[in-house]
Amino acid sequence: MFKEDTICAIATGMGNAGVGIIRISGDNAISIAEKVFIPINEKISVNNMKSYTAAYGNIYDGNNIIDEGILLLMRSPHTYTREDVCELQCHGGMVVMKKVLESVIKAGARAAEPGEFTKRAFLNGRIDLSQAESVMDIISAKNEFAAKSSLKQLKGELRDVINEMRDDILYNVAFIESALDDPEHYSLDGYPQKLRIIVDNTVNNVDNLLTTFDNGRMLSEGIKTVIVGKPNAGKSSLLNMFLGEERAIVTDIAGTTRDVLEEVVNINGIMLNIVDTAGIRETSDVVEKIGVDKALDSVDNSDLVLYVVDGSVPLDDNDERIISRIIGKNVIIILNKSDLETKVDKMLINSYITGEVVELSAITGDGRDRLYDLLNTMFFEGRLSYNDQLYITNARHKKELIFAKESLLKVIESIDMGMEEDFFSIDLMDAYEHLGLIIGETARDDLADKIFSEFCMGK
Ligand code: GDP
């Protein structure tokens, strides 16, 4: 087991709350807790407490009582870090928690670095790297879907999928090595064709994981949404409707929403990261032009475009220009100002651009529920779909998957070119290592183990 000094940190939030927890982990966790905590019940001694029991008592700094609270004691190895862990529950004020922490440090612990408890859980082999990362993701999850997706990773689903692919690869490398070493017992006749099927399959699996990344990103970061429309169409009013308050400046002088605003809104559990842009139109005003350029950039980087059309005036060149930029994107067309006399209808707008059209009055709120329902439907069933599959949400995992895929494609190339079998092993091992990096495992010893356990070398 990995051995290090004993660490401590405030485990709860950095604001005032009813209860605050100071966590201590390491070989000396219990002896340190004994120095700062004395149970009220004199019969209890901290050192003899059973694992997963609690005691009520006073928390000391030297001889001074600084708070009263509860000590929860957990003994190695059945703890978060696999080390001895003590948690002091004190009152949740910043001053008190800091005092308790300082006292614990005086008693011999070191202040933990960010994520260090989880790092120990990984180093001590309780969780793999993807699980460690998912702990951080769960903590920072901004909505229930993101949390759910991270929880699947924490439970090791990603690890299981990765390990399955790694097992296949390792078996085949071990087979090639053994056959090259011991041709009498292991024949490579017809083997490349078999291997090609297996590698093809693995490439497909890697691809499947990769395609979940964009959806996964939507889940954890919110859907990158951009509101576009010509000046005065009602973009700021729409954003205000989402926000439920007057945050963006609404004005009827064309071209005044100059800068790009970003807001996060939660619509029935679906997170939209909304970029509200300056009105898009041909303009000579320099400042306004910067805004327009930014707006068009945002369109290219978005997952969803909300195109606001002023239904009370005819379509014009500005609309044409916008349409040409958003065709092919995920677009909801919002036919705004439905409370006024209509100059543009669904049929007309759909003759220029296909996509769902929602009639709305951003001012009266009429049509708002239809818009929310549509977002919901799109998210749950359609183009922004969420389902129960495993999502890749971490950019590091994506990068390693891409490397692994490249190596696997090289194997296929070597097979197709009729290369010697030992060429396959090199690239297979590369793929194996990259997949291993996702879960924090390295390769070299695995291969030796595999060869010895599965193939009796040099019989
Ligand atoms: P933007 O330039 O696209 O951001 O447009 P604004 O949101 O600033 O709106 C421009 C003008 O249109 C303002 O005077 C709004 O009050 C008005 N407006 C926006 N939405 C509606 C609507 O649904 N109905 C009516 N009647 N007026 C609206």
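Placed above this text is the structure.
For every chain, the first residue of the written sequence is number 1, and numbering continues from 1 along that sequence. For a predicted model such as this one, the threshold for reporting local features is a pLDDT of at least 70, and the threshold for listing and counting side-chain atom pairs is 80 or more; totals across whole chains, interfaces and linings nevertheless cover every residue. To obtain the side-chain values, all non-hydrogen atoms of the structure were included, while hydrogens and water were left out.

Asks: What am I meant to see in the overall build of the chain here?
Replies: Each helix is a run of H or I in the DSSP string that is no shorter than four residues. Each strand is a run of E no shorter than two, and both are numbered from the N terminus. Helix and strand counts for the chain come out as 15 helices and 13 strands. Throughout this description, buried means an accessible area under 20% of the type-specific maximum (1.4 Å probe, protein chains only), exposed means over 50%, and partly exposed covers the range between. For the chain, the residues scored as buried account for 48% of the 459 residues in total. Pairs at least 24 apart in sequence give 67% of the contacts found in the chain among residues at least 6 apart. Method for areas: the Shrake-Rupley scheme with a 1.4 Å probe, in which residue coverage is limited to the protein chains shown. When the accessible area of the chain is evaluated, it comes to approximately 22,500 Å², of which 50% is carbon and sulfur surface. Contacts were defined at the residue level, with two residues in contact if any of their heavy atoms lie within 4.5 Å.

Asks: Looking at this structure, I do not really get helix α14 (residues 421–439). What am I missing?
Replies: For the α-helix, the turn length of 3.6 residues means that residues three or four positions removed from each other point alike. Here, expected helix span is obtained from the residue count minus one, scaled by 1.5 Å. Under the 1.5 Å per step criterion, the end-to-end length of α14 is 28 Å for 19 residues, consistent within 8% with the ideal 27 Å. Residues of α14 that are buried include every one of E421, F424, S425, D427, L428, M429, A431, Y432, L435, G436, I438 and I439, and no others.

Asks: Is there a simple way to explain the environment of S351 in this structure?
Replies: Tracing the backbone shows S351 in helix α11 (residues 346–352). At a separation of 2.5 Å, a polar atom in the side chain of S351 contacts the main-chain carbonyl oxygen of L348. Counting of polar contacts relies on pairs of N or O atoms within 3.5 Å, with two restrictions inside protein: one atom must be capable of donating a hydrogen and the other of accepting it, and residues adjacent in sequence are counted only when both atoms are side-chain atoms.

Asks: Looking at this structure, I do not really get the pairing of strand β4 (residues 53–61). What am I missing?
Replies: Each regular strand carries side chains that alternate between the two faces of the sheet. At least two bridges found by DSSP between two strands is the condition for calling them paired. In the sheet, strand β3 (residues 37–39) pairs with β4 via three bridges, with the strands oriented antiparallel. From the neighbouring strand, P39 faces β4, where its bridge partner is G57. Connecting the antiparallel pair β4 and strand β5 (residues 64–74) is a turn made up of two residues, with G62 showing a positive phi of about 65°.

Asks: Sorry if this is basic, but what is going on with the sheet that holds strand β1 (residues 7–10) here?
Replies: Either a parallel or an antiparallel arrangement is found when strands of a sheet pair, and the pairing is made through backbone hydrogen bonds. Read from one edge of the open sheet, seven strands run β3-β4-β5-β6-β2-β1-β7, paired in mixed fashion. Taken across any chain shown, the strands that pair with only one partner, and hence form the sheet edges, are β3 and β7 (110–111). Across five bridges, the pairing between β5 and strand β6 (residues 85–92) is antiparallel. Bridge pairing in β6 links L72 to E87.

Asks: Before we go on, may I ask you to explain the packing of helix α6 (residues 157–181) against α14 in this structure?
Replies: Helix-helix packing: each pair is described by the crossing angle between the helix axes and the interaxial distance. Axis definition: a line fitted to C-alpha atoms, over the contacting stretch in the case of helices. Angles run 0 to 180 degrees between N-to-C directions. Viewed as axis vectors pointing N to C, α6 and α14 meet at an angle of 155°, and their least axial separation amounts to 9 Å. Considered as vectors, α6 and α14 are oriented roughly antiparallel to each other. As for how α6 packs across α14, the hand of that crossing is left-handed. Across from L158, R159, I162, N163, M165, R166, I169, L170, V173, I176, E177 and L180 in α6, the residues of α14 making contact are E421, D422, F424, S425, L428, M429, A431, Y432, L435, G436, I438 and I439. When grouped by side-chain class, the residues that make up the contact of α6 with α14 number 16 nonpolar, three polar and five charged. Roughly parallel here means an angle under 35 degrees, roughly antiparallel means over 145, roughly perpendicular means 65 to 115, and every remaining angle is called oblique. Handedness of a helix crossing follows the sense of rotation of the near helix relative to the far helix, less than a right angle counterclockwise being left-handed and clockwise being right-handed. When residue character is reported, Ala, Val, Leu, Ile, Met, Phe, Trp, Tyr, Cys and Pro are called nonpolar, Asp, Glu, Lys and Arg charged, and the others, Gly included, polar.

Asks: It is not clear to me how the pattern of salt bridges should be interpreted in this structure. Could you clarify?
Replies: Pairing between side chains of opposite charge can happen when their charged atoms approach one another. By convention in these notes, a salt bridge is any Lys or Arg side-chain nitrogen within 4 Å of a carboxyl oxygen on Asp or Glu. All told, the structure shown has 16 salt bridges when counted by the stated rule. Measuring nitrogen to oxygen at the nearest pair gives 3.0 Å for the salt bridge that ties R196 to D200. Taken as a pair, R196 and D200 lie in helix α7 (residues 191–221) at a separation of four residues, close to a single helical turn. With a closest N to O distance of 2.8 Å, K405 and D207 form a salt bridge. One end of the pair, K405, is in helix α13 (residues 395–416); the other, D207, is in helix α7, and 198 residues separate them in sequence. If you follow the salt bridges from partner to partner, you end up with D5, E83, R110, E116 and R120 in one network.

Asks: How should the pairing of strand β8 (residues 223–228) be read in this particular structure?
Replies: Of all six residues that make up β8, five are buried, and the element is covered over most of its length. When β8 meets strand β11 (residues 304–310), the two strands line up parallel, connected through four bridges. Bridge pairing in β11 places T225 opposite L304.

Asks: Hey, could you run me through the packing of aromatic side chains in this one?
Replies: Here a ring pair, both rings aromatic, is described through the centre-centre distance and the interplanar angle of the planes. What counts as a ring pair is set by centres within 6.5 Å for rings of Phe, Tyr and Trp (its six-membered ring), and what kind of pair is set by the plane angle: stacked under 30 degrees, edge-to-face over 60, tilted for all other angles. One pass over the structure, following the stated rule, counts three aromatic pairs. Ring geometry for F175 and Y186: centres 6.1 Å apart, planes at 80°, overall edge-to-face. Linking F175 in helix α6 with Y186 in the loop between α6 and α7, this pair joins segments that are eleven residues apart in sequence. In this structure F175 comes out as buried when scored by relative accessible area, which is 15%. Residue classification places Y186 among the buried positions, given a relative accessible area of 15%. Between F242 and Y372, the ring centres sit 6.0 Å apart and the planes meet at 15°, which makes this aromatic pair stacked. Residue F242 is located in helix α8 (residues 235–243), and its partner Y372 is located in helix α12 (residues 368–380); the two are separated by 130 residues in the primary sequence. As far as the burial class goes, F242 and Y372 line up, both buried. By the ring-pair criterion, three or more aromatic residues cluster together here, those being F175, Y186 and Y191. The ring of Y80 has R23 lying over it, and the distance from NZ or CZ to the ring centre is 5.0 Å. Here, a charge over a ring means that NZ of Lys or CZ of Arg falls within 6 Å of the ring centre while also lying within 35 degrees of the ring normal. Directly above the ring of F117 sits R23, whose terminal nitrogen or CZ lies 5.3 Å from the centroid.

Asks: Explanation requested: the nonpolar core in the structure shown.
Replies: Looking at soluble globular proteins, one finds that nonpolar side chains tend to be buried together. In terms of nonpolar packing, the biggest core is built from 34 residues, with I162, L195, L401 and L428 touching the most fellow members. Only α6, α7, α13 and α14 provide two or more residues apiece to this core. Contacts of L195, omitting those with residues within four sequence positions, involve N172, I176, V411, I415, F424 and L428. Definition used in this section: a nonpolar core is a set of buried Ala, Val, Leu, Ile, Met, Phe, Trp, Tyr and Cys residues joined via side-chain atoms within 4.5 Å.

Asks: How should a nonpolar patch on the surface be read in this particular structure?
Replies: A cluster of nonpolar residues, I40, Y56 and I70, forms a patch on the protein surface that exposes about 270 Å² of accessible area. Along the polypeptide, I40 turns up in the loop between β3 and β4. The patches reported here contain residues having more than 30% relative accessible area and no salt bridge. Joining distances are 9 Å for like charges and 5 Å for nonpolar side chains (Val, Leu, Ile, Met, Phe, Trp, Tyr).

Asks: Is there a simple way to think about the packing of α13 against α14 in this case?
Replies: Axis separation between α13 and α14 bottoms out at 8 Å; the angle between their running directions is 165°. Between α13 and α14, the angle is such that the two are roughly antiparallel. Every pair of crossing elements has a handedness; the one defined by α13 and α14 is left-handed. Contacts between α13 and α14 pair R396, H397, E400, L401, F403, A404, S407, L408, K410, V411, S414 and I415 from the former with F424, D427, L428, D430, A431, H434, L435, L437 and I438 from the latter. Among the residues making up the contact of α13 with α14, the classes are represented as twelve nonpolar, four polar and five charged.

So far we have only geometry, and geometry alone does not tell us how the molecule works.
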